[in-house]
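Overview (structure and organization)
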Amino acid sequence: MKASQPSSISHDHEYDEEHLGASLHFARSSSSWFLYPSKTNLCLWYIVDEEYSSYGNVPVVPGHIYSINDSLSAEEAASEYEFVLRQLVKTRTVDVSEISDCPKFDLILLGMGPDGHVASLFPNHIALDEKEEWIIFITDSPKPPPERITFTLPVINSASNVAVVVTGANKAEAVHLAIDNVGSECPVLPARMVCPTNGKLVWFLDRAAASMLEASQ
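Residues numbered from 1 in each chain as written. Predicted model: local features only at pLDDT ≥ 70, side-chain atom pairs only at ≥ 80, totals over all residues. Heavy atoms only, no water.

**Some points on the overall build of the chain**
Within the chain, the secondary structure is distributed over three helices and 10 strands. Counting helices and strands in the order they occur from the N terminus, the chain gives β-β-β-β-β-α-β-β-β-α-β-α-β. By the burial criterion, 47% of the 217 residues in the chain qualify as buried. For the chain, contacts bridging at least 24 residues in sequence account for 68% of all contacts bridging at least 6. (Helix = DSSP H or I, 4+ residues; strand = E, 2+ residues; numbered from the N terminus. Buried < 20%, exposed > 50% of the residue type's maximum accessible area, 1.4 Å probe, protein only. Contact = heavy atoms within 4.5 Å.)

Have a look at this one:
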């Protein structure tokens, strides 16, 4: 499988993955930003004041931060979250893809694990084959916690922009397998399946994570 060629790859700086895994639906003013978690094990650190929450150094209106209901079962929470997203697409709070019924986020931020997983989409998992649902739940994650909720590949690949931020030498091989033109005998990692249909893909790597890329040799 040939990987989607990134629009750009940056590996000259240090990057922090602490706040990754959220989808940002944004406009020119941060007061118009909307945040949607792309998986359940995301932690959003924000400080509530009179008008805004802070996502990193960006002030965001608290009512614009959507969350997954963790008081429900994984199946119920996934169903509820997809219903919410479908209503937001219906009212065009979130744009819709030109070629499918998927939401078209302005930007999806992803991290990547040493095994090449993105969001909560793991190698060789049946979740990678999902074509219809926007949000799915899994109960057999190969890393804790076992129950997770995640965006599917059709949603990720419908975004206008996808940024993947990866740090650390322990992920260098997965970065190589996800980006370089490797042979068909190599495993197809979920990160390699991130291929925006009508958008841009950008990888942000520190030098350790980029150390096995062919371009860096």
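Don't stop here, the text continues.
**Digging into the pattern of salt bridges**
Per the stated rule, a full pass over the model turns up three salt bridges. When the shortest N-O distance is used, the salt bridge between E82 and R86 registers 2.9 Å. Of this pair, E82 and R86 both sit in helix α1 (residues 74-90), four residues apart, which is roughly one turn of that helix. Residue class for E82 comes out buried when judged on its relative accessible area of 7%. (Salt bridge = Lys/Arg side-chain N within 4 Å of Asp/Glu carboxyl O.)

**Notes on unusual backbone geometry**
At the junction of P144 and P145, the peptide bond is cis and its omega measures out at -5° in the coordinates. You can see P145 is positioned in the loop between β7 (135-138) and β8 (148-151). Despite not being glycine, R92 has its phi angle at roughly 65°, a positive value. Among the structural elements, R92 can be located in the loop between α1 and β6 (107-110). Of the residues examined, R92 reaches a relative accessible area of 49% and is grouped as partly exposed. Although it is not a glycine, N124 adopts a positive phi angle of roughly 65°. With respect to the element layout, N124 can be found in the loop between β6 and β7. Overall, N124 belongs to the exposed group, its relative accessible area being 78%.

**Focus on the side chain of H176**
With respect to the element layout, H176 can be found in helix α3 (residues 172-179). Separated by 2.6 Å, the side chains of H176 and D180 make a polar contact. With near-sequence residues (within four places) excluded, H176 lies in contact with V182, M212, L213 and E214. (Polar contact = N/O pair within 3.5 Å; in protein donor to acceptor, adjacent residues only side chain to side chain.)

**Notes on the nonpolar core**
By size, the foremost hydrophobic cluster in this structure holds 50 residues, and its most contacted members are L85, L110, M112, F151, I156, W203 and L205. Sort the elements by how many residues they give to this core and α1 lands first, with six residues. Aside from chain neighbours lying at most four places away, what touches L85 is Y36, F105, W134, I135 and F151. (Core = buried A, V, L, I, M, F, W, Y, C linked by side-chain atoms within 4.5 Å.)

**Here's the deal with the packing of aromatic side chains**
Under the defined criterion, the tally for this structure stands at two aromatic pairs. Geometrically, the ring pair formed by Y81 and F151 is stacked, given 6.4 Å between the ring centres and 15° between the ring planes. Here Y81 is found in helix α1, whereas its partner F151 is found in strand β8, with 70 residues between them in sequence. For the pair shown, Y81 and F151 are each scored as buried. Centroid distance F105 to F151: 5.5 Å. Interplanar angle 15°. Geometry classified as stacked. Taken as a pair, F105 in the loop between α1 and β6 and F151 in strand β8 lie far apart in primary sequence, 46 residues in all. (Phe/Tyr/Trp six-rings, centres within 6.5 Å; stacked < 30°, edge-to-face > 60°.)

That's the geometry; what it means functionally is another story.
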